[in-house]
Amino acid sequence: MYCDRDYIAKIGDLIFRKEDIEPLMRFLSSIGALKTPPTFFSFHGGEPLVYVKIMDEIITRIVESTDQPVMIFIQTNGSLITKNRWFFEKWRDILYVSISYDFMHQTINRTPMDAESAIAMLNDVGITKIQLQYVMPISDPKVFGLNTVKSITRMFSTYQIQGLVLIPLRHYRGADKFKVIIDELDLPQFFGAFMRFVHVLY
């Protein structure tokens, strides 16, 4: 996602411009009139919390336009959670927060952030619908190791978290080193290691 003065977001050839906001808001204000109003809304990125004030306005329009209970799903890297406590306090009853967090491999895969402070704050304001999304760099043998299991189980035993999504990464990730590695794997060996990891974890 790229930011510019003339548009809010650009993904490939898809551009979301500032002038698109008002038509979107008008649509959201009318969803209650639909025969089957949607009840699940999802925010992804880039990083959606960069636009937290727009998200707040969108959610306000959604809630005001329907008498149906709704769920708001947010996929975030977690880096801006503690800076926007007001937002999570305001919408805590309808939020499901999914944090991309890679445990021991966080500094390899993502922007460094204090995941525990973010999760502790979410719990503190009453949000327990939380999941962690772990992108697993399968090129690293330690990805299935005991220390990784300990890191995950400690996090889940310390905080109220509902789910864990495991996503084996099929490539090296990075601006200078993107390379698909799935074809180089011994797949039976990989799946055996993955299933043992899941078995130990659960």
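Chemist: What's the story with the overall build of the chain in this structure? I'm lost.
Modeler: Looking only at helices and strands, one finds seven helices and nine strands in the chain. Scored against the burial criterion, the 202 residues of the chain give a buried share of 44%. The long-range share in the chain, meaning contacts at least 24 apart out of those at least 6 apart in sequence, stands at 70%. For the chain, the computed accessible surface area is about 11,700 Å², with 54% contributed by carbon and sulfur atoms.

Chemist: Where do I start with the packing of helix H1 (residues 21–29) against helix H2 (residues 52–65) in this structure?
Modeler: Each pair of packed helices can be summarised by the angle the axes make with each other and by the distance between the axes. H2 packs onto H1 with a crossing angle of 25° between their chain directions and a minimal axis gap of 8 Å. The orientation of H1 relative to H2 falls into the category roughly parallel. Residues Ile-21, Glu-22, Leu-24, Met-25, Arg-26, Leu-28 and Ser-29 of H1 form the contact with H2, whose participating residues are Ile-54, Glu-57, Ile-58, Arg-61, Ile-62 and Ser-65.

Chemist: Quick question: what am I supposed to make of the side chain of Gln-75 here?
Modeler: Assignment of secondary structure puts Gln-75 in strand S4 (residues 71–76). Among the polar contacts listed, one links the side chain of Gln-75 to the side chain of Ser-98, at a separation of 2.7 Å. Setting aside residues no more than four positions away along its own chain, Gln-75 makes contact with Phe-43, His-44, Pro-48, Ser-98, Ile-99, Ser-100, Gln-131 and Gln-133.

Chemist: Sorry, what's going on with the pairing of S4 here?
Modeler: Sheet faces and side chains relate simply in a regular strand, where the side chains alternate between the two faces. Along S4, five of the six residues are buried, which leaves the element largely enclosed by surrounding structure. By the bridge criterion, four bridges tie strand S3 (residues 40–43) to S4 in an arrangement that is parallel. Within S4, the position partnered with Ser-42 by the bridge is Phe-73. Running through H2, the crossover from S3 to the neighbouring parallel element S4 is right-handed. Where S4 lies against strand S5 (residues 95–100), five bridges are found, and the strand directions are parallel. Looking across to S5, one finds that Thr-76 is bridged to Ile-99. Crossover handedness for the path S4 to helix H3 (residues 85–91) to S5: right-handed.

Chemist: Would you explain the confidence of the model for the chain in this entry?
Modeler: The predicted coordinates should not be examined in detail at positions where pLDDT is low. Averaged over the chain, the pLDDT score is 83; the fraction of residues at 70 or greater is 85%. Within the chain, H3 carries the highest mean pLDDT (98), whereas strand S1 (residues 7–11) carries the lowest (51). Predicted confidence for residues 1–7 stays below pLDDT 50, and this span has 19 contacts to residues more than four positions away or in other chains.

Chemist: How should the environment of Ser-29 be read in this particular structure?
Modeler: Within the secondary structure, Ser-29 sits in helix H1. The partly exposed category is assigned to Ser-29, whose relative accessible area is 36%. Ser-29 sits 29 residues away from Ile-58 along the chain, and the two C-alpha atoms are 9.0 Å apart. In this structure Ser-29 touches Arg-61 and Ser-65, once residues within four positions along its chain are discounted.

How each quantity is defined
Residues numbered from 1 in each chain as written. Predicted model: local features only at pLDDT ≥ 70, side-chain atom pairs only at ≥ 80, totals over all residues. Heavy atoms only, no water. Helix = DSSP H or I, 4+ residues; strand = E, 2+ residues; numbered from the N terminus. Buried < 20%, exposed > 50% of the residue type's maximum accessible area, 1.4 Å probe, protein only. Contact = heavy atoms within 4.5 Å. Areas by Shrake-Rupley, 256 points an atom, 1.4 Å probe, with all protein chains shown as cover. Axes fitted to C-alpha atoms, helices over the stretch in contact; angles between N-to-C directions. Parallel < 35°, antiparallel > 145°, perpendicular 65-115°, else oblique. Polar contact = N/O pair within 3.5 Å; in protein donor to acceptor, adjacent residues only side chain to side chain. Pairing = 2+ DSSP bridges. Right-handed = clockwise from strand over helix to strand, strands pointing away. pLDDT = per-residue confidence, 0-100.

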